[in-house]
Amino acid sequence: MAKPTVIEAKWQKKWKAAKVFKSKDSGRNKYYVLEMFPYPSGYGLHMGHARNYSIGDSIARFKRLQGFNVMYPIGWDSFGLPAENAAIEKGIHPEKNIARNIKVMKEQMNKLGLSYDWDREITTHNPEYYKWDQWLFLQLYKNNLAYRTKVNGNWCPSCNTTIANEDVKNGRCWRCNSQIVQKEIEQWLVRTTNYADELLSGLEKTNWSNQLKSLQTNWIGKSKGVEIHFKLEDGEYLKVFTTRPDTLPGCTFVILAPENPQAMELVKGTKYEKQLQEYIRETEKLSELDRISKEKTGIFLGKYVINPINNQKIPVYAANFVLVGYGTGAIMSVPAHDKRDEEFAKLHKLPIKQIEIKESDFEKITNELIKNGLGKRVINYKIRDWNISRQRYWGSPIPIIYCAKCGVVPVPEKDLPVKLPLNVNFKTKVISPLATNKKFLNVKCPKCGGKAKRETDTMTTFIDSAWYFLRYCDPKNRKQIFDKKKAAYWMPVDQYIGGIEHAVGHLLYSRFITKFLKKKGYVKIDEPFTKLLNQGMINLGGTKMSKSKGNVIDPTEITKKYGADTLRTYLLFVAQPDTDMEWSEKDLTGIIKFIAKVKTLDKLKENKKYKSYIDSVAQRKIELVTLHLENLHHNKALIELFDFSNKLERYPSKYAICIFLHLLYPFAPHICEEVWNKLNGKMLAKGKWPVKNQKLINEKVEKEVEAVDKVVSDIRHIEKIMNKSAKKAYLYVIPPELNNYNVVIKDIEKELAMEIKVFALNDKAKYDPENKSGKAKPNRPAIYLE
RNA sequence: GCGGGAGUGGCGGAGCGGUCAAACGUGCUUGGCUAAGGACCAAGUGGCUUAGUGCCUUCGAAGGUUCGAAUCCUUCCUCCCGCACCA
C-alpha cells in the first residue's frame, strides 16, 4: 500500500501539470481568497502557518469546484526587522537568508498541497516590487499625505529604530518586547489622521467580526466634545477639550500637560518658571509606562482663569497625567465627576464642588458657550499619523534627496526604484546603515545638479503589506503599480485570513492606502477586505505554541508521518477556524483512522436495497457541508462528513461515495483524488461541487432505516440485560409512527432472526398492564420480549 | 474604567425555542478478531433501579417570559482577549 507522502506527491505533480490552480483575469464569478503573506525570516513553517493555509486552501478548492474563477496567490513579506535581525544573528546577508528560507517554506507549502497560483508570487524585497512602494510614497508626498517633521518618536533600543504607534503594545515593542523610550527625531509621517472618519465609517461596509471592528474603532478613538475657552487675566485664552461640557459647573481648576508650550509661556518671567522647568525634566525622565503607574504629580503655575459658566476664578496647574498629544493638551478638572481629577484634587487640596447634571445640560451649556464665543464643537481622534521611517537597513529606501540649495527633493518617478545597496554595514548601531554606503548616500540633486544626500532611513515593512493584495492582481506589471482594469476585476479580496494581531496595524494601513488609491482613481473599491477571518491560536499544554516557549510541533514532521491530508483535516476539525485550539495527539488519532477508511471507499460494494436511503442522506450532507463551509465552520462540516462516512460504510452506494469524495475534497484533497481516480479515472480538481437534488430526498425511507437501526440496537440491548435470547418481540409504537415500523418489520425480523409484532400503543388488547414499559417516545417504541 | 468574547459528560466540542441534551471525535469498560496510514468489528459509558427502555438529575448561578428554555430576557458569578490617566 502506497504511503501517504507518495500518493500526495503524485497528485501535487498532476495538479501542477494540469494547471488547475491558475486564475484568469477575466470571466464571471471571480473569487479572491487570500492569507496574510508570511515573513520568511524564520526557518520553515510553523503550525500556525499550517492552520492558516489549511483554511485558505479549503476555501479556494471549495470555490473552484463551485465554478468560481478563484485567485489564491501567495508571496513573501521579506523586508523588515525580523529578517534583518535573523540575518545578523546568523552572520549572513539578509538577502541570502531570505532566499534560503523562502525555498524551504515553499517546499513545505507544496507538500501541504496548497493550491496557490505560483505565477502570481511576489517578494517584497525584489526591486520590481519595492519600486512601487517608492512610487506610492511619492504619490502620498505629492498629495501632502506624507511629510517630514520632528517627532517624539517611539524608540526601541533593542531594534535600534523608531516604530509606529501601532507597533507599541503596553509601552513595549511588539516584536522584541523591549521598553519603548521617547526620542526626538526627524521622521517621515503619513497622514492617516486625514482619513480617520472614513476609516471609521468604512467599517460598517465590511463583514468583519465585532471584536475586530471594536479594536479599530477604539484605536481611531473618535470622541465628540467641546473646546472651551477659559479667559486668563491678561485677556488671552486657555483652550481645553472635553466630552462632558455638562460638568463645567463643577470645574474647580484647569490642568495643562507639562510639555504643553503654553505652560511655559504662562510662567515666563515669574518665580514659577524654574519650578516648571524642573518639573518637566523630572517627568521626562520617566518612561511612558512609569508615568502611567506612578501617582499623579503636578505643580501650580501661579495663574488663574475664569470658568465661563459661573465666572469663578480657578487656578491653573501642570500635571503629569495630562497628555500633550491629545485634544489641546489641557483639561478642565471636575473632581466631583472624574476619578483622576478627584485623586489630583485630594493630593493638592483643591476644592471639590458637587454638582447635579441634567440630561439637557450638555446641549444647553454647549450652546451657551458657543453663543458667547467661549467654545466650539470639536471632534477629537486618538489615532496619530503613521511614522514610516525606520533607521534600519532591510527595507525599501525612502525616495527623497536632501539638497543644500533646493531642500527636500523627491526622487523623480523615472529614476525609481532607488535600489537598496547590498554593500552596507548593516550591523551598525550608530547611524542608519544606509549612510555607511557613500555611493548610495552622496547623490546629485535632481533639480539643480548640485551636491546632495539621500534619505538613509528605510520604510516600515507595513508599507509593503499595505498594498500587496493589489499587486497580486497584476504581479508582473513593469509600467504601473498594477493595471486598473485587473484590479477592478479582482478587488476586493472576498475572503482574507490572518491573525488578529494585525487588527490596528496592517489592516488599518491597508484600508488607508486603498482609500487613498480610490481617491486617485486607481481602484474602484474603498474597502479592500470584504470578509475577514481571524484564525485562532494553537496551544500546546495550555500555552501558545511558540518557538520562544519551546513547545512547538513541526507541521512538516506530522505531514511526513501521517500525510498532509491528515494534518489539514485535523487542524480544521479540532476547533472552529476562528477559535483557539489545543493540540492533541489523541484527536489526531481519530483523523488518521478516518483518512484510512476513506482510502478503502473504492472497495465498498453497493448495497442496492439501501441506495435510496444513503442517496437521500447524501443530499442532506451536501446541504449541510456547503452551508458550514460558507460560514467558515469547517469543524461542523467535518462532523457531518464523519457521520456520512459512518453511514456510507453500512449502506454504500456509488453515487453517495461520489458525493462524499467531492465534499471531503477541500479538506483532504489528495486522498479524495486517489480514490476518485480509482473509481473513474477522472480528476477531482476539475470536478463540480455537488448541488442538492431535492428529488433524491426520501424522508420516509430515512425514517424507516433509522427506525430499524434503533429497534435492532434496543432489542439487542434488552437481550443482553436479560441475558437470554428472545424469540418474539412486541413493539408498542405511538400511532403516527406505526406505518414506518410496519414497513421495516421484515428487515428487523431478518436481522434479529425473531418474530416481531407491532401494535399501536393504545392497542390495549396486547398491552400488559403489569409492564412498566408502557411509554413509547415518538421515535422509539416500547418493547416487550418473550 | 471602556470594549469584545466564552461558560454543556473524563477531555475537545455539537445542539441556539418543542420531535433529541450530549451529535461527531477522543478516552475508558466488556466481548470478538487479528492488523488499511498509530488495527478492525460489536455493545456499553449522568444517577438510580425490583437492570423488560421505568424514574430522576443535569447545559456557570438565580430569577423571568412561554403550554414548553441549554437555546429568549434580567441580574449576578467565573474565565479569556483587546484598549486605557484619551479628559
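To be clear, the structure that these remarks concern was listed above.
Quick notes on the rules
- Residues numbered from 1 in each chain as written.
- Chains lettered and ligands numbered in written order.
- Predicted model: local features only at pLDDT ≥ 70, side-chain atom pairs only at ≥ 80, totals over all residues.
- Heavy atoms only, no water.
- Core = buried A, V, L, I, M, F, W, Y, C linked by side-chain atoms within 4.5 Å.
- Buried < 20%, exposed > 50% of the residue type's maximum accessible area, 1.4 Å probe, protein only.
- Contact = heavy atoms within 4.5 Å.
- Helix = DSSP H or I, 4+ residues; strand = E, 2+ residues; numbered from the N terminus.
- Phe/Tyr/Trp six-rings, centres within 6.5 Å; stacked < 30°, edge-to-face > 60°.
- Lys NZ or Arg CZ within 6 Å of the ring centre and 35° of its normal.
- Disulfide = S-S within 2.5 Å.
- Pairing = 2+ DSSP bridges.
- Axes fitted to C-alpha atoms, helices over the stretch in contact; angles between N-to-C directions.
- Expected span 1.5 Å × (residues − 1).
- Parallel < 35°, antiparallel > 145°, perpendicular 65-115°, else oblique.
- Left-handed = near helix turned anticlockwise from the far one by under 90°.
- Nonpolar A, V, L, I, M, F, W, Y, C, P; charged D, E, K, R; others polar.

(A) Structural view of the nonpolar core. Counting 164 residues, the largest nonpolar core has W583 and F644 as its most contacted members. If we skip the residues at most four places from it in the chain, W583 touches M47, I538, N539, L540, M545, I553, I558, L567, Y570, L571 and L588. Counting residues in hydrophobic clusters, the runner-up holds 29 residues, among them C251, A263, A330 and L374.

(B) A look at the environment of G541. Along the chain, G541 falls in the loop between β26 (538-540) and β27 (543-544). Note: C-alpha distance between G541 and E582 (41 residues apart in sequence) is 7.5 Å.

(C) Representation of the packing of aromatic side chains. Counting across every chain of the model gives 41 aromatic pairs. Where Y53 meets Y116, the ring centres are 6.4 Å apart and the plane angle is 80°; that geometry is what we call edge-to-face. Taken as a pair, Y53 in helix α2 (residues 47-65) and Y116 in the loop between α4 (94-111) and β4 (122-123) lie far apart in primary sequence, 63 residues in all. Classification of Y53 as buried rests on a relative accessible area of 0%. Ring geometry for F62 against W689: centres 4.7 Å apart, planes inclined by 75°, an arrangement best described as edge-to-face. Of this pair, F62 sits in helix α2 while W689 is found in the loop between α24 (669-680) and α25 (699-722), placing the two residues 627 residues apart along the sequence. For F62, a relative accessible area of 2% translates into the label buried. Taken together, the ring pairs connect F253, Y272, F300, Y304, Y317, F321 and F344 into an aromatic cluster. Positioned over the ring face of F321 is K296, at 5.3 Å from the centre of the ring. Just above the ring of Y304 sits the side chain of K313; from NZ or CZ to the centre is 4.8 Å.

(D) View of the state of the cysteines. Applying the stated criterion across every chain, the model contains 0 disulfides. With no disulfide of its own, C403 lies 3.6 Å from the sulfur of C448, the closest cysteine sulfur.

(E) Geometry of the sheet that holds strand β24 (residues 493-498). A sheet is described by the order of its strands in space; here 4 strands give the open sequence β2-β1-β24-β25, paired in parallel fashion. Every other strand in the sheet has two partners, leaving β2 (69-71) and β25 (529-534) as the edge strands with one partner each. Averaged over all pairs of adjacent strands, the angle between strand axes in this sheet comes to 20°, irrespective of strand direction. Of the strand pairs in this sheet, strand β1 (residues 30-35) and β2 are connected by 3 bridges, and their pairing is parallel. When the sheet's bridge partners are listed, K30 is paired in β2 with N69. Packed onto the sheet, α2 meets β1, β2, β24 and β25 and runs at close to 170° relative to β1.

(F) Summary view of helix α20 (residues 585-599). If you check α20, its first and last C-alpha atoms are 21 Å apart, about what 15 residues at 1.5 Å a residue would give, namely 21 Å. The inward-facing, buried residues of α20 abut α1 (4-18), α18 (555-562), α19 (564-573), α22 (634-650), α23 (654-664) and α24.

(G) Up close: the packing of helix α21 (residues 611-630) against α23. Across the interface, α21 lies against α23 with an axial gap of 9 Å and an inter-helix angle of 15°. Here α23 runs roughly parallel to α21, going by the angle between their axes. Remark: the crossing between α21 and α23 carries left-handed chirality. Each of K611, I614, D615, A618, Q619, K621, I622 and V625 in α21 lies in contact with α23, whose residues at this interface are Y655, A656, I659 and L663. A breakdown of the residues in the contact of α21 with α23 according to their chemical character gives 8 nonpolar, 1 polar and 3 charged.

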